[in-house]
Amino acid sequence: VIMQVWLKISLLLCTFGFLKEIRPSEPFIVNYLEGPWRNFTITEITQEAFPIGTYSYLAQLAIIFLVTDLLRYKPIIIVNGIAGIIVWSMLTWTTTLTGLKVLELFYGTYCAAEVAYYSYIYAKVDREHYQKVTSHTRAAIYSGRFLAASLAQLLVYFEAMDYRQLNYLSLAGQISATIWALFLPSVKTSMYFHRRSPITLGTTEPSSSVAGVEGGSGGFNGQPLSADPWQSSNGSSVENGTARHQAVIKDDRSIDEDVDSSEGGHQQSNRCEQLRGAFILLWSHFRTSFTNRSVLQWSIWYALAMAGYIQITAYVQALWQSIDVTQPAIWNGAVEAALTLLGAIVSLLA
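Residues numbered from 1 in each chain as written. Predicted model: local features only at pLDDT ≥ 70, side-chain atom pairs only at ≥ 80, totals over all residues. Heavy atoms only, no water.

As recorded in an unreviewed UniProt entry, the protein goes by Putative thiamine transporter 1 and comes from Anopheles triannulatus. As its UniProt record puts it under Sequence similarities (unreviewed entry), the protein is described as follows: "Belongs to the reduced folate carrier (RFC) transporter (TC 2.A.48) family." (UniProt positions renumbered as here; feature names shortened; annotations may be inferred.)

What follows is the structure in structure tokens.
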């Protein structure tokens, strides 16, 4: 039986996601940094180093999102792997607090570049497979985390490896993921900067013909996009009421077939106009999405949940150390494995 193309692509991407999550040193990172290998204090770790990673992640996220679309996903997936190699190489061999702070900058890049992993698959498969490939990518992440955390707990509990040696396994996982990423199929189209059908500016078609990327009827959840993305809700134009920009948008994210036939048109079109059209479409999607009450509510809840998750996972290890410094066994890996398993179950039931 010949494997379907979309399933093959999903398997290739999920293998990368699985390998990337093989980071058994993460549940014991505070113990490693505070231990005899580095001798950092809890204050240095939690107040001087960790915040740099968090704010670096926040600062780079929007930029990397745009660059991901501009470079068409695969290069940023490779950057994700390279950033992981840099992080765990520095974590293994650097010894100064300054080195740890620089490491956190790259860790921010590592986290922000994950957006390419989650968005790549939607540019390569047909819309009818979106639900399945979403499940696949999530399952790969959960499986990798669960295996890494369980392995770390077993190795530490039975004293087969110390905290520093776990970094070698994490580094091997990042190297393997990066090498695997090189063999991912390239993407010829993207949502904004490399559309199969260029965004046409200054057309005079009625707004009813404007179709949104998220569906043939246009807009979000079937709601039509405004004919003028720069027009305010009361109908007045932002640009003195004279400019009438319309985005003729077609659903072209899924399959790369027939792209070559349109490449000539892309090459002949003015690059500045393409960029302008991309940002107009980006603004239109932003405005359409965040004037939708359901999307706004979901975004707020997701932001709060993600902020809480990052806060807890970053500082809970230090908290456990402060509560009981004489604990005979450290169960960070087991807790991480249980958390991952619980998250997988909840995501299946949601």
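We are not done yet, so read on.
Draft legend 1. Looking closely at the nonpolar core. Counting residues in hydrophobic clusters, the biggest one holds 27 residues, and the most contacted among them are Leu 13, Ile 77, Tyr 120 and Leu 184. Of all the elements in the fold, those that place two or more residues in this core are α1 (5–20), α4 (74–93), α6 (114–120), α7 (130–157) and α8 (163–181). At six residues, the largest contribution of residues to this core is made by α1. Contact partners of Ile 77, with chain neighbours within four places excluded, come to Leu 13, Phe 16, Ala 116, Tyr 117, Tyr 120, Ala 181 and Leu 184. Membership of the second largest hydrophobic core comes to 26 residues, among which are Ile 45, Leu 155, Val 156 and Leu 166. (Core = buried A, V, L, I, M, F, W, Y, C linked by side-chain atoms within 4.5 Å. Buried < 20%, exposed > 50% of the residue type's maximum accessible area, 1.4 Å probe, protein only. Helix = DSSP H or I, 4+ residues; strand = E, 2+ residues; numbered from the N terminus. Contact = heavy atoms within 4.5 Å.)

Draft legend 2. Fine view of the packing of α4 against helix α5 (residues 97–112). At a closest axis distance of 9 Å, the pairing of α4 and α5 adopts a crossing angle of 160 degrees. By the angle between their directions, the pair α4 and α5 is classed as roughly antiparallel. Both α4 and α5 take part in a crossing whose hand is left-handed. Contact with α4, carried on its side by Val 79, Asn 80, Ala 83, Gly 84, Ile 86, Val 87, Trp 88, Met 90 and Leu 91, involves Gly 99, Val 102, Leu 103, Phe 106, Tyr 107, Thr 109 and Tyr 110 of α5 and no other residues of that element. Of the residues contributing to the contact of α4 with α5, the split by class is twelve nonpolar, four polar and no charged. (Axes fitted to C-alpha atoms, helices over the stretch in contact; angles between N-to-C directions. Parallel < 35°, antiparallel > 145°, perpendicular 65-115°, else oblique. Left-handed = near helix turned anticlockwise from the far one by under 90°. Nonpolar A, V, L, I, M, F, W, Y, C, P; charged D, E, K, R; others polar.)

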